[in-house]
Amino acid sequence: MDNPGSFQLGVAGAAFQITSPGTLTGDTLCNIDGARALSLQASFKCGSGNGQGSLKAYVQTTLDQGQSWTDIACFTFAEASATKVVNLSGLTPQTSPLTPTQAALGDNTCVDGLIGSALRAVVVVEAGSAYQNSALNITVQIR
Amino acid sequence: MQDRNAAAAYRRALAKRGETVILQRISGQAPNVFTFSAEVTALVENVMDDRSAVARTGYEMSEPGAITQSGRFFIVMADDLAKKRFPLPLQKNDRIVIKATSERLNIERVDAGKRRVAGAIELFASGV
């Protein structure tokens, strides 16, 4: 990749603010053509909740210039601050055809071997959640 | 439309007297905050009085304006920030750290239009 380094997958130029149930679609990180590997970190800082909160952060990539998005990682959090990291390689063979998912990947699972031309994060705050003063930061080291 | 000669002139100035600064975007509410930083080179100027503001109440606008202590005037290149993937546009309350002196300043004003022909962003920051 021509421009490797550390990047943030946020929304409106900032980390995700986690409050009420819903889906937050982050900004698109473009021009990552040639990226061979991603080291993803999802860091959740929880202020307070109602005991029922849960959220899922999906990192997605596109293989058709943004026409559709495919989940490559899913991070789940409840009501405790936590940090999770994964490493994905674009050179991992995927010789059996996969059916792409969109904000539906299994909890805390990844799909290795798929790195397209752009990345984004989608955060789903589950129904019944009521977070306050909470934020989720997703950063990626691209090589 | 960016002018290559103008941009080159700014690059020469940065090469000659630029200083390393770190721009920071702070998101979230204390204590749950996240920081994203980008280290770039900037032209750093000293404080200048604000001629558009009155220095003291009760006086005319023609009086010299107020000076913000520790205020600095910066010029950074938009391309440098974009390469570091700093989330543009720069905003008020972003932070800027002058690496040589460790001064940590709060961005008060951003003007991305004035020097657009050279692809530069002008900003004014003052210390907390």
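1. Remarks on the layout of surface pockets
Point 1. Here the largest pocket is characterised by a volume of approximately 260 Å³.
Point 2. Every residue lining the largest pocket is counted, 15 residues in all, and those nearest its centre are Q8(A), T28(A), L29(A), R85(B) and P87(B).
Point 3. Counting residues per element, the lining of the largest pocket draws most heavily on strand β1 (residues 5-9) of chain A, at three residues.
Point 4. Broken down by class, the residue content of the lining of the largest pocket amounts to nine nonpolar, four polar and two charged.

2. A look at the pattern of salt bridges
Point 1. Applying the stated rule across the entire model yields eight salt bridges over all chains.
Point 2. Ionic pairing is found between D107(A) and K56(A), a salt bridge with its closest N-O pair at 3.0 Å. Of this pair, D107(A) sits in the loop between β7 (82-89) and β8 (118-125) while K56(A) sits in strand β5 (residues 55-62); the two residues are 51 residues apart in sequence, bridging distant segments of the chain.
Point 3. As a salt-bridge pair, R72(B) and E103(B) come within 3.5 Å of each other at their nearest N and O atoms. Placement of R72(B) in strand β3 (residues 72-77) and of E103(B) in strand β5 (residues 103-111) is noted, with a sequence separation of 31 residues between them.

3. Let's talk about the interface of chain A and chain B
Point 1. Each side of the interface is counted separately: chain A has 22 residues, and chain B has 15 residues.
Point 2. Of the roughly 1400 Å² buried between chain A and chain B, counting both surfaces, carbon and sulfur atoms make up 51%.
Point 3. When the buried surface of chain A facing chain B is broken down by residue, Q8(A), K45(A) and N133(A) rank first, second and third, together holding 35% of it.
Point 4. At the junction of chain A with chain B, the criterion picks out zero salt bridges.
Point 5. Counting every contact that joins chain A to chain B gives eight residue pairs in polar contact (both at pLDDT 80 or more).

4. Quick word on helix α1 (residues 4-17) of chain B
Residue and element names in this part refer to chain B.
Point 1. An ideal rise of 1.5 Å per residue puts 20 Å on 14 residues; α1 measures up with 20 Å between its terminal C-alpha atoms.
Point 2. Taken together, the buried residues of α1 touch β2 (32-45), β3 and β6 (120-127).
Point 3. Where α1 begins, the side chain of D3 points an oxygen toward the backbone nitrogen of N5, at a separation of 3.2 Å.

5. Digging into unusual backbone geometry
Apart from glycine, the bulk of residues carry a negative phi angle, and the bulk of peptide bonds sit in the trans form.
Residues and elements named next belong to chain B.
Point 1. In this model, A30 is joined to P31 through a cis peptide bond whose omega is 5°.
Point 2. Mapped onto the elements, P31 comes out in the loop between β1 (19-29) and β2.
Point 3. A cis geometry characterises the amide bond from L88 onward to P89, with omega recorded as 5°.
Point 4. Within the secondary structure layout, P89 lies in the loop between α2 (78-83) and β4 (95-98).

Thresholds applied
- Residues numbered from 1 in each chain as written.
- Chains lettered and ligands numbered in written order.
- Predicted model: local features only at pLDDT ≥ 70, side-chain atom pairs only at ≥ 80, totals over all residues.
- Heavy atoms only, no water.
- 1 Å grid on protein atoms, 1.4 Å probe; cavity = no way out; pocket = protein on both sides within 12 Å on 5 of 7 lines; lining within 4 Å.
- Points joined across faces, edges and corners; volume = space filled by probe spheres on them.
- Helix = DSSP H or I, 4+ residues; strand = E, 2+ residues; numbered from the N terminus.
- Nonpolar A, V, L, I, M, F, W, Y, C, P; charged D, E, K, R; others polar.
- Salt bridge = Lys/Arg side-chain N within 4 Å of Asp/Glu carboxyl O.
- Contact = heavy atoms within 4.5 Å.
- Buried area = accessible area lost by both parts, 1.4 Å probe.
- Polar contact = N/O pair within 3.5 Å; in protein donor to acceptor, adjacent residues only side chain to side chain.
- Expected span 1.5 Å × (residues − 1).

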